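A closer look at the structure
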Amino acid sequence: MQNNIDWQQFETPDLIEKEVCKRILVLAQEAITERGQFKFVLAGGKTPERMYRFLAKSDADWSKWFIYHGDERVLPIDDENRNSVMAANAFLNSVAIPKNQIFDIPTELGVEESAEAYRSIVQAAMPFDLVLLGMGEDGHTASLFPGHVHDETDVVHSIYNSPKPPSERVTLSVKALSNTQNLFFLIEGANKRDAIKQWREGEDLPVVSISALQNLVVFLDKAAVDVE
Ligand code: 6PG
């Protein structure tokens, strides 16, 4: 069951991204102070890229950061359409997080082999400190799509029929994405307006299935909010 959501609306993408960056840095410092490390699951897609660039210019105790991905597309290791390549170019290549603390989903190995390899990494990592997610126009998140049925006990799913190309992906499950102290959704743009409206009206969308152990915050820009 999705815990109470903190809806945070901002005028522009720039303002929303600076606020999200700031909050991530605060959460990271708190986690490092309390637990000696910060376990952070990155979102894919285009929306988080600019925010990652703000993180790349920030100051943090990077040696204590551990990076995971919410999902990955099945593409060659250096394909620019991979979420890991976007995150590396926008953020990870610019900060001193030890390479052995960055856990990309090895989809270059193929769906089943990479899903199996990532299961043990996710099992060892949970609970996360922060999961960052985006949302598609149909209310999907990570690679969890409307109408798709999964084994809810699993922590990683193999996807063969993604409606958003490429069709083959590996994704963390609802169970894994919800096993986090904090969860941030970063959602921008008028093309997300209908899904946000459906979400707020209680429609059963993949985004609705995600929860968090402590705080669930949805960061929206004005364009994504339906003004009736
Ligand atoms: C992916 C993402 C996906 C993304 C949404 C929103 O691999 O595409 O994991 O869940 O977050 O589709 O994508 P945009 O931010 O590009 O709109």
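Small disclaimer: the values here were computed from a predicted structure and weren't measured. (Residues numbered from 1 in each chain as written. Predicted model: local features only at pLDDT ≥ 70, side-chain atom pairs only at ≥ 80, totals over all residues. Heavy atoms only, no water.)

1. Remarks on the packing of aromatic side chains
Inclusion rule: Only Phe, Tyr and Trp rings are paired, with Trp represented by its six-membered ring, and only when their centres lie within 6.5 Å; those with planes under 30 degrees apart are stacked, over 60 edge-to-face, the remainder tilted. Counting from the N terminus, the helices are DSSP H or I runs at least four residues long and the strands are E runs at least two residues long. When a residue's accessible area, from a 1.4 Å probe over protein chains only, is under 20% of the maximum for its type it is buried; when over 50% it is exposed; and in between it is partly exposed.
Taken as a whole and judged by the stated rule, the model has 13 aromatic pairs. Taking 6.1 Å as the distance between ring centres and 70 degrees as the angle between the ring planes, the aromatic pair formed by Phe-40 and Trp-65 counts as edge-to-face. In this pair, Phe-40 is assigned in strand 2 (residues 38-42) and Trp-65 in strand 3 (residues 65-69), connecting sequence segments 25 residues apart. An identical accessibility class is assigned to Phe-40 and Trp-65; each is buried. Taking the centre distance of 6.0 Å and the plane angle of 20 degrees together, the rings of Tyr-52 and Phe-91 count as stacked. Remark: Phe-91 occurs in the loop between helix 3 (83-90) and helix 4 (111-125) and Tyr-52 occurs in helix 2 (residues 49-56); sequence separation between them is 39 residues. Neither residue differs from the other here; Tyr-52 and Phe-91 are each classed as buried.

2. Side note on the site of the ligand
Quick reminder of the rule: Throughout this document, a residue counts as near a molecule or strand when at least one of its heavy atoms sits within 4 Å of that molecule or strand. Two N or O atoms form a polar contact when they lie within 3.5 Å of each other; inside protein one atom must be a possible hydrogen donor and the other a possible acceptor, and for residues adjacent in sequence the pair counts only when both atoms belong to side chains. Every accessible area reported is derived by Shrake-Rupley at a probe size of 1.4 Å, with residue values counting cover from the shown protein chains alone. Three categories are distinguished: nonpolar for Ala, Val, Leu, Ile, Met, Phe, Trp, Tyr, Cys and Pro, charged for Asp, Glu, Lys and Arg, and polar for the others, with Gly belonging to the last.
Near the ligand, the surroundings consist of 16 residues, among which Thr-47, Arg-73, His-140, Ala-142 and Lys-164 are the closest. In the model, an oxygen atom of the ligand is placed 2.6 Å from a nitrogen or oxygen of the Thr-47 side chain. One of the side-chain N or O atoms of Arg-169 is found 3.0 Å from an oxygen atom in the ligand. For the ligand, the protein covers 92% of the area, taking 420 Å² as the surface of the free molecule. Taken together, the residues of the shell around the ligand sort by class into two nonpolar, eight polar and six charged.

3. Some remarks on the sheet that holds strand 8 (residues 180-187)
Note the cut-off: Strand pairing is assigned whenever DSSP identifies at least 2 bridges connecting the two strands. Lines are fitted to the C-alpha atoms to define the axes, a helix being fitted only along its stretch in contact, and any angle between axes, read from their N-to-C directions, falls within 0 to 180 degrees.
Taking strand neighbours across the sheet as the criterion, the six strands line up as 1-9-8-5-2-3 in an open arrangement whose pairing is parallel. Strands with a single pairing partner mark the edges of an open sheet, and in this sheet they are strand 1 (6-10) and strand 3. Pairs of neighbouring strands in the sheet enclose a mean axial angle of 20 degrees, with direction left out of account. Two elements, strand 2 and strand 3, share five bridges in a ladder whose sense is parallel. Across the sheet, Val-41 pairs through a bridge with Tyr-68, a residue of strand 3.

4. Digging into the environment of Trp-62
Selection criterion: Two residues form a contact once any of their heavy atoms are found within 4.5 Å.
With respect to the helices and strands, the residue Trp-62 is situated in the loop between helix 2 and strand 3. Trp-62 sits in the buried class, given a relative accessible area of 9%. For the pair Trp-62 and Gln-101, spaced 39 residues apart in the sequence, the C-alpha separation amounts to 10.0 Å. Filtering out sequence-adjacent residues up to four positions away, Trp-62 remains in contact with Leu-55, Phe-91, Val-95, Ala-96, Ile-97, Pro-98 and Gln-101.

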